[in-house]
Amino acid sequence: MNKQMQKLQQGFTLIELMIVVAIIGILAAIAIPAYQDYTIKSKVSEGPSLASPAITAGGVACSDGTLGMGATGTAAGAQTNASFGLSTSTAITGKYVASVGVTAASFATNPTATITITYRTLGGPVPAGRTVIYSGRCTEGAGMQWTVPTGTTGGTMDQKYRPKS
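### Notes on the pairing of strand β1 (residues 97–104)
- Buried residues dominate β1, accounting for 6 of its 8 residues.
- Of the pairings in the sheet, the one linking β1 to strand β2 (residues 112–119) comprises 7 bridges and is antiparallel in character. Residue T103 lies in a different strand from β2, and its bridge partner there is T114.

Below, the structure is given as structure tokens:
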């Protein structure tokens with residue numbers, strides 16, 4: 001009886017170990033691409049952080065009624081970073097962001113603004129120069145509403161990496 005108990009406690013068979021290794025391989029094959037997507041998304045998130053002063057400036061201009069207006073209070077050409085009291089677009093940079101530019105359309109019933117975030121190389125399948133574009137619409141009584149449109153109007157960054165509106 002003692003010899004039979006010793007034989008049962010010898011450990012795992014080769015087949016059992018191979019099954020465990022195969023399962024770990026399958027999980028790794030699924031997890032690594034997902035991890036790469038998450039790292040790229042985290043790099044893209046630097047853009048909205050750097051664009052927050054532009055988002056705030058657009059909202060203030062909407063509230064003041066100066067969005068899309070010149071210094072004299074008349075309809076103006078496109079406003080740029082300087083019109084909003086911001087540094088030049090190429091001066092607003094980060095580790096992954098090459099520039100943050102803001103423009104506003106000429107004055108209309110519901111003036112609009114656009115913030116374009118241009119990225120450096122993020123690694124993986126994302127080359128330098130990809131963009132995320134925030135579109136803002138100023139509506140009386142509702143303020144500034146910002147969205148990241150789908151398709152090319154939201155920029156050249158792959159949809160799966162873009163921030164949610």
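Past the structure itself, the notes keep going.
### Structural notes on the state of the cysteines
- Inspection of the entire model under this criterion finds 1 disulfide.
- Between the sulfur of C62 and that of C138 lies a disulfide, 2.0 Å long from S to S. Measuring handedness by torsion sign, the sulfur bridge of C62 and C138 sits at about 80° and is right-handed. Of the two residues, C62 sits in helix α3 (residues 46–64) while C138 sits in strand β3 (residues 131–139), which places them 76 residues apart along the sequence. Here C62 and C138 have matching classes, each one buried.

### So, the side chain of T131
- In this fold, T131 is placed in strand β3.
- We classify T131 as buried; its relative accessible area is 12%.
- Residues contacting T131, with those up to four places away along its chain left out, are T116, I117, T118, G154, G155, T156 and M157.

### What about the layout of surface pockets?
- Reported here for the largest pocket is a volume of approximately 160 Å³.
- Lining the largest pocket we find 12 residues, and of these Q159, Y161, R162, P163 and K164 sit closest to its centre.
- Residues of the lining of the largest pocket, tallied by class, amount to 4 nonpolar, 4 polar and 4 charged.

### Quick notes on the nonpolar core
- L67, F84, I115, I117, Y119 and M157 are the most contacted members of the largest nonpolar core, which totals 29 residues.
- The element contributing the most residues to this core is α3, with 5 residues.

### Examining the pairing of β3
- Summarising the sheet, β2 and β3 pair through 7 bridges and their orientation is antiparallel. Paired with T112 across the two strands is R137, which belongs to β3.
- In this structure, β3 lies alongside strand β4 (residues 143–147), joined through 5 bridges in antiparallel fashion. Looking across to β4, one finds that R137 is bridged to Q145.
- Taken together, β3 and the strand that follows it, β4, pair antiparallel across an intervening segment of 3 residues, in which G141 is found at a positive phi of about 90°.

### What about the packing of helix α2 (residues 14–44) against α3?
- Close contact between α2 and α3 brings their axes to 4 Å; oriented N to C, the two are set at 10°. If you check the angle between α2 and α3, you find them roughly parallel. Between α2, through S42, K43 and V44, and α3, the contact on the second element is made entirely by E46, G47 and P48.
- For the contact of α2 with α3, a count of residues per class yields 2 nonpolar, 2 polar and 2 charged.

Analysis parameters
- Within each chain, residues carry numbers counting from 1 in the order of the written sequence.
- Only residues with pLDDT of at least 70 are given local features in this predicted model, and only at 80 or more are side-chain atom pairs given and counted; all residues enter the totals for whole chains, interfaces and linings.
- The basis for every side-chain value is the complete set of non-hydrogen atoms in the structure, without hydrogens or water.
- Buried means the residue's accessible area, taken with a 1.4 Å probe over protein chains only, is under 20% of the maximum for its type, while exposed means over 50%, and partly exposed covers the values in between.
- Going along the chain from the N terminus, every DSSP run of H or I of four or more residues is numbered as a helix, and every run of E of two or more is numbered as a strand.
- When DSSP finds two or more bridges between two strands, those strands count as paired.
- The criterion for a disulfide is a pair of cysteine sulfur atoms lying within 2.5 Å.
- We call two residues in contact when some of their heavy atoms are within 4.5 Å.
- The method works on a 1 Å grid over the protein atoms by themselves. A cavity is a set of points holding a 1.4 Å probe that cannot get out, a pocket is an open set with protein on both sides within 12 Å along at least five of seven lines, and residues with an atom within 4 Å of a point line them.
- Grid points are joined across faces, edges and corners, and a volume is the space filled by probe spheres set on the points.
- Throughout this entry, Asp, Glu, Lys and Arg are counted as charged residues, while Ala, Val, Leu, Ile, Met, Phe, Trp, Tyr, Cys and Pro are counted as nonpolar. The remaining residues, Gly among them, count as polar.
- Throughout this description, the term nonpolar core refers to a set of buried Ala, Val, Leu, Ile, Met, Phe, Trp, Tyr and Cys residues connected via side-chain atoms within 4.5 Å.
- Lines fitted to C-alpha atoms define the axes here, with helix axes fitted over just the stretch in contact, and angles between the N-to-C directions of these axes take values from 0 to 180 degrees.
- Note on angle classes: values under 35 degrees are labelled roughly parallel, values over 145 roughly antiparallel, values of 65 to 115 roughly perpendicular, and the remainder oblique.

All quantities given are derived from atomic positions and should not be read as evidence of function.
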